[in-house]
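Summary of structural features
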Amino acid sequence: TGPSLQTSDETFHIYHTIDGGAHWQEQWNGQGAQFGWPDNPRIFAFSGQMTVAWVDGHLLKQSKDRSIWKAMKLPIAGTPVEADFVSSSMGWAVVQQQSTSSASQAPTSKLIVLQTTDGGIHWHVQLHTMPFQGGGTMLQFGSSTNGLLLYKDTDYMETVMYRTTNGGKTWIKSIPTELEGRVFA
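Residues numbered from 1 in each chain as written. Predicted model: local features only at pLDDT ≥ 70, side-chain atom pairs only at ≥ 80, totals over all residues. Heavy atoms only, no water.

**Looking at the overall build of the protein chain**
A tally of regular secondary structure across the protein chain gives 0 helices and 15 strands. Across the 185 residues that make up the protein chain, the buried fraction comes to 42%. Taking all contacts inside the protein chain whose residues are at least 6 apart in sequence as the whole, residues at least 24 apart take part in 35%. Accessible surface, the protein chain as shown: approximately 10,100 Å² in total, 51% of it carbon and sulfur. (Helix = DSSP H or I, 4+ residues; strand = E, 2+ residues; numbered from the N terminus. Buried < 20%, exposed > 50% of the residue type's maximum accessible area, 1.4 Å probe, protein only. Contact = heavy atoms within 4.5 Å. Areas by Shrake-Rupley, 256 points an atom, 1.4 Å probe, with all protein chains shown as cover.)

Given below as structure tokens:
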């Protein structure tokens, strides 16, 4: 009983069942070629409380009656590129903002990490990264306090890592050394 995420022909589908999987009903579908294929789709389900889906640039929340999915509204402009939830109330989203300073330069990006503590009703900014060229963003929280943000800076050919041990109140930036190994985001 619950949601399922499937992909076909670069379209994502979310299905729901109430009879242990004997019958499925489609509740949402959307194109998935916005950032490349695939973009690590995930469903965060919390025991009858709330369900959130991260699907290639779409951050969706299931209605209380579990019949429809609606896009969550984020308070800043940009493209959502990652999300992670550790409970029905606490989660993080990463928004990418791109800019080009001149016609001869490649676009640069900066990432903004947002946090919600009320299930996506309100969001607040926790981190702004320095501008970089590249992508391959990954966000992972193992608990409500410990999290990592990784991205690939192709201008310097390095992986950049931000780490928090206090739920995102502070983030420490580091570049993994050769001895530590390269992390691919």
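Still more ground to cover, so stick around.
**Observations regarding the side chain of Ser88**
By the element assignment, Ser88 lies in the loop between β8 (79-85) and β9 (91-99). Once residues within four sequence positions are removed from consideration, Ser88 is found in contact with Phe46, Gln49, Met50 and Gly119.

**Side note on the pairing of strand β5 (residues 50-55)**
Note on strand geometry: in a regular strand, side chains alternate between the two faces of the sheet. A large share of β5 lies buried, amounting to 6 of its 6 residues. By the bridge criterion, 5 bridges tie strand β4 (residues 42-46) to β5 in an arrangement that is antiparallel. Bridge pairing in β5 links Ala45 to Thr51. In this antiparallel pair of consecutive strands, β4 and β5, the connection spans 3 residues, and Ser47 shows a positive phi of 35 degrees. Both β5 and strand β6 (residues 58-62) contribute to a ladder of 4 bridges, which runs antiparallel. (Pairing = 2+ DSSP bridges.)

**Concerning the side chain of Thr137**
Its place among the elements puts Thr137 in strand β12 (residues 134-141). Owing to a relative accessible area of 17%, Thr137 belongs among the buried residues under this scheme. Not counting chain neighbours up to four residues away, the residues in contact with Thr137 comprise Val81, Glu82, Val94, Leu111, Leu149, Leu150 and Tyr151.

**Brief notes about the sheet that holds strand β14 (residues 158-164)**
Strand pairing within a sheet occurs via backbone hydrogen bonds; the two strands may be parallel or antiparallel. The strand order across the open sheet built from 4 strands is β12-β13-β14-β15, with neighbouring strands paired in antiparallel fashion. At either margin of the open sheet sits one strand with a lone partner, and together these are β12 and β15 (172-174). This sheet shows a mean twist of 15 degrees between the axes of neighbouring strands, independent of strand direction. (Axes fitted to C-alpha atoms, helices over the stretch in contact; angles between N-to-C directions.)

**Some words on the confidence of the model for the protein chain**
Per-residue confidence for the protein chain averages 82 on the pLDDT scale, and 82% of its residues sit at or above 70. Least confident of the elements in the protein chain is strand β1 (residues 2-8), whose mean pLDDT is 58; most confident is strand β11 (residues 124-128), at 97. Note on residues 33-38: pLDDT under 50 across the span, and 16 contacts to partners over four residues away in sequence or across chains. (pLDDT = per-residue confidence, 0-100.)

**Focus: the packing of aromatic side chains**
Overall, the coordinates contain 6 aromatic pairs when judged by the stated rule. Note on Trp92 and Phe141: the rings are 3.5 Å apart at their centroids and 5 degrees apart in plane angle, and the pair reads as stacked. Pair noted here: Trp92 is in strand β9 and Phe141 is in strand β12, with a separation of 49 residues, a long-range link. Residue class for Phe141 comes out buried when judged on its relative accessible area of 3%. By way of ring pairs, the aromatic residues Phe44, Phe85 and Trp123 are connected into one cluster. (Phe/Tyr/Trp six-rings, centres within 6.5 Å; stacked < 30°, edge-to-face > 60°.)

**Section: the sheet that holds β6**
With respect to topology, 4 strands assemble into an open sheet ordered β4-β5-β6-β7, the strand pairing being antiparallel. The sheet terminates laterally at β4 and β7 (69-71), the two strands that pair on one side only. Shown here is a sheet whose adjacent strand axes are inclined to one another by a mean of 25 degrees, direction ignored.

**Here's the deal with the environment of His13**
Relative to the elements of secondary structure, His13 occurs in strand β2 (residues 11-17). You can call His13 buried: its relative accessible area is 14%. With 42 residues separating them along the chain, His13 and Val55 place their C-alpha atoms 9.4 Å apart.

**Some points on the environment of Phe141**
The spatial distance from the C-alpha of Phe141 to the C-alpha of Ala83 is 9.6 Å, given a sequence separation of 58 residues. Apart from the residues lying within four places of it in its own chain, the contact partners of Phe141 are Asp84, Val86, Trp92, Asn146, Gly147, Thr164 and Trp171.

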